[in-house]
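An overview of the molecular structure
What follows is the residue order along each chain.
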Amino acid sequence: MTLLLGILLSVLQPFFLALEQNTLKSDFVVTISETATQPLSYTGSFVLRGERFTLNMMQIEAAYDGKTLYMYSPETDELQLTEPTQEELSQANPLVFAKLVAKECETLERDKGEQVLLVLVPRDKTKTNGIGRIELLLQKPKGSETRYLPVSVEMKEGKRTTTLRLNNAAYITTTPSFKIDKPGAFINDLR
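Looking only at helices and strands, one finds three helices and twelve strands in the chain. Its C-alpha radius of gyration of 17 Å places the chain within 12% of the 16 Å reference for a compact globule of 191 residues. Considered along the principal axes of its C-alpha atoms, the chain spans approximately 55 × 45 × 30 Å. A burial count over the chain gives 38% of its 191 residues as buried. Look at the contacts in the chain between residues 6 or more apart in sequence, and 51% of them connect residues 24 or more apart. Accessible surface, the chain as shown: approximately 10,800 Å² in total, 51% of it carbon and sulfur. Across the chain, 22 positive and 24 negative side-chain charges occur, with their mean positions spaced 6 Å apart.

Going through the model one piece at a time under the given rule, you end up with eleven salt bridges. For the salt bridge of lysine 182 with glutamate 61, the shortest nitrogen-to-oxygen distance reads 3.1 Å. You can see lysine 182 sitting in the loop between β11 (160-172) and β12 (186-189) and its partner glutamate 61 sitting in strand β4 (residues 60-64), a full 121 residues away along the chain. Lysine 142 is the salt-bridge partner of glutamate 114, the closest N and O atoms lying 3.8 Å from each other. Placement of the pair is glutamate 114 in the loop between β7 (105-112) and β8 (115-122) and lysine 142 in the loop between β9 (133-139) and β10 (149-157), with a sequence separation of 28 residues. There is no split in this pair, since glutamate 114 and lysine 142 are both exposed.

Next up on the list: the sheet that holds strand β6 (residues 78-82). The twelve strands are arranged β7-β8-β9-β10-β11-β1-β2-β3-β4-β5-β6-β12 in an open sheet whose pairing can be described as mixed. A strand with exactly one partner marks an edge of an open sheet, and here the two such strands are β7 and β12. Mean inter-strand twist for the sheet, computed between neighbouring axes without regard to direction, equals 15°. Alignment of strand β5 (residues 69-73) against β6, held across five bridges, turns out to be antiparallel. Across the sheet, the residue bridging to leucine 69 is threonine 82, located in β6.

Let's shift gears to the pairing of β7. Inspection of the sheet shows β7 paired to β8 by eight bridges, in the antiparallel sense. Of the residues in β8, the one forming a bridge with lysine 112 is glutamine 115. Where β7 folds back onto β8 in an antiparallel hairpin, the turn is made up of two residues, including glycine 113, whose phi is positive at roughly 75°.

Here threonine 35 shows up in the loop between β1 (23-34) and β2 (40-49). On the accessibility criterion, threonine 35 (67% relative accessible area) is exposed. In this structure the C-alpha to C-alpha distance between threonine 35 and glycine 158, which are 123 residues apart in sequence, comes to 9.7 Å.

Turning our attention to the packing of aromatic side chains. Two aromatic rings, taken as a pair, are described by how far apart their centres are and by the angle between their planes. Within this structure, the stated rule accounts for three aromatic pairs. Residues phenylalanine 15 and phenylalanine 16 carry aromatic rings whose centres are separated by 5.6 Å and whose planes lie at 45° to one another, so their mutual orientation is tilted. The same class applies to phenylalanine 15 and to phenylalanine 16, which are both buried.

Conventions and cut-offs
- Residues numbered from 1 in each chain as written.
- Predicted model: local features only at pLDDT ≥ 70, side-chain atom pairs only at ≥ 80, totals over all residues.
- Heavy atoms only, no water.
- Helix = DSSP H or I, 4+ residues; strand = E, 2+ residues; numbered from the N terminus.
- Rg over C-alpha atoms; globule rule 2.2 N^0.38 Å.
- Buried < 20%, exposed > 50% of the residue type's maximum accessible area, 1.4 Å probe, protein only.
- Contact = heavy atoms within 4.5 Å.
- Areas by Shrake-Rupley, 256 points an atom, 1.4 Å probe, with all protein chains shown as cover.
- Lys, Arg positive; Asp, Glu negative; His and termini not counted.
- Charge placed at Lys NZ, Arg CZ, Asp CG, Glu CD.
- Salt bridge = Lys/Arg side-chain N within 4 Å of Asp/Glu carboxyl O.
- Pairing = 2+ DSSP bridges.
- Axes fitted to C-alpha atoms, helices over the stretch in contact; angles between N-to-C directions.
- Phe/Tyr/Trp six-rings, centres within 6.5 Å; stacked < 30°, edge-to-face > 60°.

Printed below as a string of structure tokens:
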């Protein structure tokens, strides 16, 4: 138990703390696969800090400022505003989801040279929306850097696997407003 606690404090908690205190920017590919179907992959980019984020994927812009979720569709020139639940937010951001469910999981660490693999296995799947396993692959800090960078997040739920692969992930010094303003767009305010 002491070893497990030490692992959690040495890698997992500092990683989540870095996501709270720093702004992470990355391009990504998300792949959804099921055993009986062809995998679907989507590309995009995001900037996040804690639960707040901006996201561009499939011609949709999204942002969450801590209270309001903004979703803009250029096809319809519509900006939708909602106040999402914690569950809706966790579905939109696998890193936030991993943080939320980590306390409900057994965590294993595997050293992979320049990377570390954290495997989170829920003790009770009913508390993790049926997720059976989450794998976080993190880049170890280099040089004077002290923060781990996410490389990928893989979530297994029954026969479905969702994999988020990050490309060019980096902590940046600027932080966006995490809002979307589209003058002239139709505002659909559902708050």
